[in-house]
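# Observations on the three-dimensional arrangement
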There are 2 protein chains.
Amino acid sequence: QYPALYKELDGIRLRLEQHYKDMQDIEFTIQEGKLYMLQCRSGKRTGTAALNMAMDMVAEKLIDEKTAVTRVAPAQLDELLHPIVDSNAEKKAEAFVSGLPAGPGGAQGQIAFTSQTAVDWAKQGKKVVLVREETNPEDVEGMRAAEGILTARGGMTSHAALVARGWGKCCIVGAGELKINVHAKTMTVGGKTFQEGDVVTLNGTRGKAYAGALPMIDATENPRFQDFMKIVDQHRKLGVRTNADTPEDARVARAFGAEGIGLFRTEHMFYGKGAEEPLFRLRKMILSSTTEERNKAIDELAPFVKQSIKATLEAMDGCPVTVRLLDPPLHEFVPQGEAGQQEMAKALGVTVADIQKRGAALHETNPMMGHRGVRLGITYPYLSEMQIRAILESAAELKKEGKNPKPEIMVPVTCSVKELDITKEIFDRVLAEVRKASGIQIECLYGTMIEIPRACLLANEMARTAEFFSFGTNDLTQMGFGFSRDDIGAFLPDYLAKKVLPADPFQTIDQEGIGQLIQMAVEKGRKTRSNLKIGICGEQGGDPASVEFCFKAGLNY
Amino acid sequence: QYPALYKELDGIRLRLEQHYKDMQDIEFTIQEGKLYMLQCRSGKRTGTAALNMAMDMVAEKLIDEKTAVTRVAPAQLDELLHPIVDSNAEKKAEAFVSGLPAGPGGAQGQIAFTSQTAVDWAKQGKKVVLVREETNPEDVEGMRAAEGILTARGGMTSHAALVARGWGKCCIVGAGELKINVHAKTMTVGGKTFQEGDVVTLNGTRGKAYAGALPMIDATENPRFQDFMKIVDQHRKLGVRTNADTPEDARVARAFGAEGIGLFRTEHMFYGKGAEEPLFRLRKMILSSTTEERNKAIDELAPFVKQSIKATLEAMDGCPVTVRLLDPPLHEFVPQGEAGQQEMAKALGVTVADIQKRGAALHETNPMMGHRGVRLGITYPYLSEMQIRAILESAAELKKEGKNPKPEIMVPVTCSVKELDITKEIFDRVLAEVRKASGIQIECLYGTMIEIPRACLLANEMARTAEFFSFGTNDLTQMGFGFSRDDIGAFLPDYLAKKVLPADPFQTIDQEGIGQLIQMAVEKGRKTRSNLKIGICGEQGGDPASVEFCFKAGLNY
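Residues numbered from 1 in each chain as written. Chains lettered and ligands numbered in written order. Predicted model: local features only at pLDDT ≥ 70, side-chain atom pairs only at ≥ 80, totals over all residues. Heavy atoms only, no water.

### Description of the pattern of salt bridges
All names here are of chain A. Following the criterion strictly, the structure yields 63 salt bridges over all chains and no others. A salt bridge links Glu 300 to Arg 281, with the nearest nitrogen and oxygen atoms 3.6 Å apart. With Glu 300 in helix 12 (residues 291-315) and Arg 281 in helix 11 (residues 276-287), this pair connects stretches of sequence that are 19 residues apart. Take Arg 281: its relative accessible area is 19%, and that puts it in the buried class. It is possible to trace a salt-bridge network through shared partners that takes in Glu 277, Arg 281, Lys 284, Lys 296 and Glu 300. (Salt bridge = Lys/Arg side-chain N within 4 Å of Asp/Glu carboxyl O. Helix = DSSP H or I, 4+ residues; strand = E, 2+ residues; numbered from the N terminus. Buried < 20%, exposed > 50% of the residue type's maximum accessible area, 1.4 Å probe, protein only.)

### Let's talk about the side chain of Arg294(A)
Among the secondary structure elements, Arg294(A) is positioned in helix 12. Setting aside chain neighbours within four positions, we find Arg294(A) in contact with Met285(A), Ser288(A) and Tyr380(A). (Contact = heavy atoms within 4.5 Å.)

### Here's the deal with a nonpolar patch on the surface
Side chains of Tyr2(A), Phe28(A), Ile30(A) and Met37(A) sit close together on the surface and give an oily, nonpolar patch of about 340 Å² of accessible area. With respect to the helices and strands, Ile30(A) occurs in strand 1 (residues 24-31). (Patch = residues over 30% accessible without salt bridge, like charges linked within 9 Å, V, L, I, M, F, W, Y side chains within 5 Å. Areas by Shrake-Rupley, 256 points an atom, 1.4 Å probe, with all protein chains shown as cover.)

### Structural notes on the sheet that holds strand 12 (residues 192-195) of chain A
Sheet strands pair via backbone hydrogen bonds, and the direction of the pair is either parallel or antiparallel. All names here are of chain A. One open sheet accounts for three strands, arranged 10-11-12; its pairing is antiparallel. Strands with a single pairing partner mark the edges of an open sheet, and in this sheet they are strand 10 (179-181) and strand 12. Pairs of neighbouring strands in the sheet enclose a mean axial angle of 20 degrees, with direction left out of account. Sheet topology note: the strand 10/strand 11 (residues 186-189) ladder contains three bridges and is antiparallel. Bridge pairing links Ile 180 to Met 187 in strand 11. (Pairing = 2+ DSSP bridges. Axes fitted to C-alpha atoms, helices over the stretch in contact; angles between N-to-C directions.)

### Focus on the pairing of strand 20 (residues 445-450) of chain B
Residues and elements named next belong to chain B. The element strand 20 is largely enclosed, with a buried count of five among its six residues. In this structure, strand 19 (residues 406-411) lies alongside strand 20, joined through four bridges in parallel fashion. Each residue of the ladder has a partner; that of Val 411, found in strand 20, is Thr 448. Once you follow strand 19 into helix 17 (residues 417-438) and on to strand 20, the crossover reads as right-handed. Where strand 20 lies against strand 21 (residues 468-471), three bridges are found, and the strand directions are parallel. (Right-handed = clockwise from strand over helix to strand, strands pointing away.)

### Quick notes on the nonpolar core
Formed by 200 residues in total, the largest nonpolar core has its most connected members in Phe471(A), Phe483(A) and Phe483(B). In contact with Phe483(B), not counting residues within four places along its chain, are Met369(A), Arg375(A), Cys415(A), Gln478(B), Ile488(B), Phe491(B), Leu492(B), Tyr495(B), Leu501(B), Pro505(B) and Phe506(B). (Core = buried A, V, L, I, M, F, W, Y, C linked by side-chain atoms within 4.5 Å.)

### Examining the interface of chain A and chain B
Across the boundary between the two partners, chain A contributes 52 residues, which contact 52 residues of chain B. Buried area between chain A and chain B, both sides added, is near 4400 Å², and the carbon and sulfur share of it is 56%. Summed over the three residues of chain A that lose the most area to chain B, namely Asn366(A), Met369(A) and Arg454(A), the buried surface amounts to 15% of that side. There are four salt bridges connecting chain A and chain B. Note that Glu512(B) is salt-bridged to Arg454(A), the shortest N-O span being 3.3 Å. (Buried area = accessible area lost by both parts, 1.4 Å probe.)

### Here we look at the confidence of the model for chain A
Residue and element names in this part refer to chain A. Across chain A, the average pLDDT comes to 87, with 97% of residues at 70 or higher. Summarising per-element confidence for chain A, the mean pLDDT is lowest in helix 4 (residues 74-81) (68) and highest in helix 18 (residues 453-457) (98). Per the prediction output, this complex has pTM 0.73; the corresponding ipTM is 0.72. (pLDDT = per-residue confidence, 0-100.)

### Overview of the relation of the copies chain A and chain B
Of the two same-sequence chains, chain A is brought onto chain B (RMSD 0.3 Å, axial shift 0.1 Å) by a rotation of 179 degrees. One copy is carried onto the other by what is essentially a two-fold rotation axis. When you check the interface residues of chain A against chain B, 100% turn up at the interface there too, and the contact is symmetric in its surfaces. (Least-squares fit on C-alpha atoms with pLDDT ≥ 70 in both.)

### Comments concerning the packing of aromatic side chains
Inspection of the entire model under this criterion finds 14 aromatic pairs over all chains. Ring centres 4.4 Å apart and planes at 40 degrees place the aromatic pair Phe96(B) and Phe194(B) in the tilted group. Here Phe96(B) is found in the loop between helix 5 (87-92) and strand 4 (97-98), whereas its partner Phe194(B) is found in strand 12 (residues 192-195), with 98 residues between them in sequence. The residues Phe96(B) and Phe194(B) share a single accessibility class, namely buried. For the ring pair Phe491(B) and Tyr495(B), a centre distance of 5.7 Å and an interplane angle of 70 degrees mean the geometry is edge-to-face. Residue Phe491(B) is classed as buried on the basis of its relative accessible area, which comes to 0%. Aromatic ring contacts, followed pair by pair, group Phe481(A), Phe483(A), Phe491(A) and Tyr495(A) into a single cluster. In this structure, Lys533(A) is placed above the aromatic ring of Phe468(A), and the distance from its NZ or CZ to the ring centre is 6.0 Å. (Phe/Tyr/Trp six-rings, centres within 6.5 Å; stacked < 30°, edge-to-face > 60°. Lys NZ or Arg CZ within 6 Å of the ring centre and 35° of its normal.)

See below:
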């Protein structure tokens, strides 16, 4: 109709795209045969589109590599890392239940109401979504076998949520409207009943569950994604370490390019495959009533701890592995079922009633601020000693085998340098013993988590003994705000809606408040020890704004 | 045998006592007929002896009043305020059980296993010690009637401990070895069985319980004590306000010389005599599922809140009364018994199962860091509005009656100035409404508790809206250390024994750590608002070293 105008418009488009070096959304109007340009802006796109366009533009030399890196927003990158539910299909579908977005990405499969079913079906090649009231350590194999996990109860740090996020697995927790009947193998929600075997689709990023199989998108295997990440690596300045809790995790992370393990939590050996034996010994330790009983259980636990650590150091050969000393929520490991209690009573030579009473005595009103982390090591020094010995002996043995292990020992939940000093005495003694026995000059850094406000206030003292700090920003945020992450569901939505807080402080570091504690700790720590290594191992380490803040605050990784 | 030496010794004693102006412990030896003086130091004495000696020396003009004040150590003064177990008798007796020292002082009486028995026996003039597995709001009358309280479960901030300390009543909690059989009316411990009616003696300062009646000492009614306190008042510089939660408490505190109420907690109307009606309405509010239901319950609660506040303002006429907005541990008020649940179901027109489900939904993993304080006001603004209106209307009515009420509104558990701003909007609106309706120009200060670390870090912002700060040092210590006060029993004894900490930070402010937060808040707060009033309302306000620290930090009261 207006060939001349079309040509004119196309010419303007080209000029705009070359000027902005990006795809443009253009608004225009034609009035009385004249073309009016109204506005333009860089076009919105999905993660995949952003990746493809950025790589195309590099190939066409329209933009340089550094610009290409900035063209894929962190949220888009996250999208690329998880298979996701097709958003167009999701718009048309109606969720049958909503919960907390505990593990991002999408998943679909047949409902299994028990972990055993999940494991059996997965072996048969079926895709499974495990649906549970809540999960506990005995469910871990089922969780591992499942594509995704859906629970009726639990918060963002419930067992299901922690395990799923650790694995990068899709997970929705606290979907309170679900009524699950494990015996009848059904679940009911909003008048609708699902049978075991029915297919459902989860969007773990949004916390929504849908009936049936919605279309999915998976972009991770794209070779252009691999090329893009290579470019990113050339331009970054911060070190990258992974959180990994098993030798398998360590291997995966290394394949993904991690330069070390920033947080290795030994307690994950008490979940999942092969966990029965160490878990039994841990329970024995927890439920012991005398030092003798306890130390015996600790001795029995030692080989399992050593095996896990040694295999991980071996998998990460040549790279630093920061092993955090045990920080288990004790009461979670108390056997609840009668069978487990009987077994434990037999093992310890006491009555079931005794076991129940000892279990009840471990109950804490506020477990987040209870008997955990280094506090266990202060009351049970032999527990620290066993772990330190396992780490140092592993390193000595690997060195003998010609490997280059780089262990680092990290003490959790500290609030005073005395806690570090007391544990350091054990460390120094065991180090000397292992060096003497093995004839190997092993080296091992000694440092601490900084996750308690008081540790930030006294970071100058902490750094007298600690050779490195690693900010546990999850706990620091909990204590700094007085927000229990498990319980914020009751008020955080209102806080965000009424703009009391600009964002969920567990997603992105609260720079003006908690950030002060971090900066204070960095400054005070480096004043005492100028070469103090400082990293972050909270989940906010995966948030772009938090990463920027950490970089500015002077963190190393 | 050596009259000359005796005379020489007596002369030296006199010189030493006149030199040191205090009673001396003197060590000497006689060898080969010669007197050798080895050492001397000021003699130790009980609180009563210290008081008598100080007052004697003032009368004899040996020391001045200011010196006399320093002669009675704060711990000795504390000893004078509570009837106590005679320490000589206690040394010879053997405790049948130990627990946590939740309420200081001594108590003795006949064991009562139910609150009803305690009340009945007290009416008959018997002295009663209430023994319970743990206490709940329904036990308050029994607790009031009892001389002392002993529970098998619960920590330092359990219901029993809080109520007892509030009343200055002797209390031991968490005596886990007690096996109480309420039906058989017996308790067994270490093979020994006690019947209801048996006499026991409690030392609440040490957490020890003894069979039978041990001798007691009571020094409070000593007129010399009254004279001494008058002297003390003439020399002090800090203001003194009391914590009081009922009009009766306020009257007592005023009689003891308090210059105001620093912390009035309205939630104490839900415990004890006459609590049934307001408690029922509070429960209705907590268990409401719609805003309409909730606001109706709040309206029903309003007259009770107003009555309590008005009577307190009246009792403290002319003195400031700081009313803290509600900070109730919601889940504690959920009715547990079936009868209570049925009543509530009927009142709300729902099923008992609904009530149970709503109750379960209120369960929190870490209630200390959960949905409490101002967070309730952010999610339920009408709850704040009702309380603010009750305070301001009470003040207006009292002014009309020719009184001089001085209310101050304090917002608890704040971590952001936005919380204060949102609540202040309600305050300003209600103030204008009440002024207009009453035609009275009432005045009311608006301030905040500072008990969350983030509030200290951002005190400059908090002071933009808050006209006063009051440090809640209990919670600030909990969050700053990551120590749950209810759960520290498992590790604090080891922390003190191994000198990780020099003292229990809940007894005396941790000056080097938490003290930094306090000083930071004082400095930042006064930078924004130079005339900011600052006080303390944690329990450490009763600790001498903490009082000294607060004075140096620039607090007003």
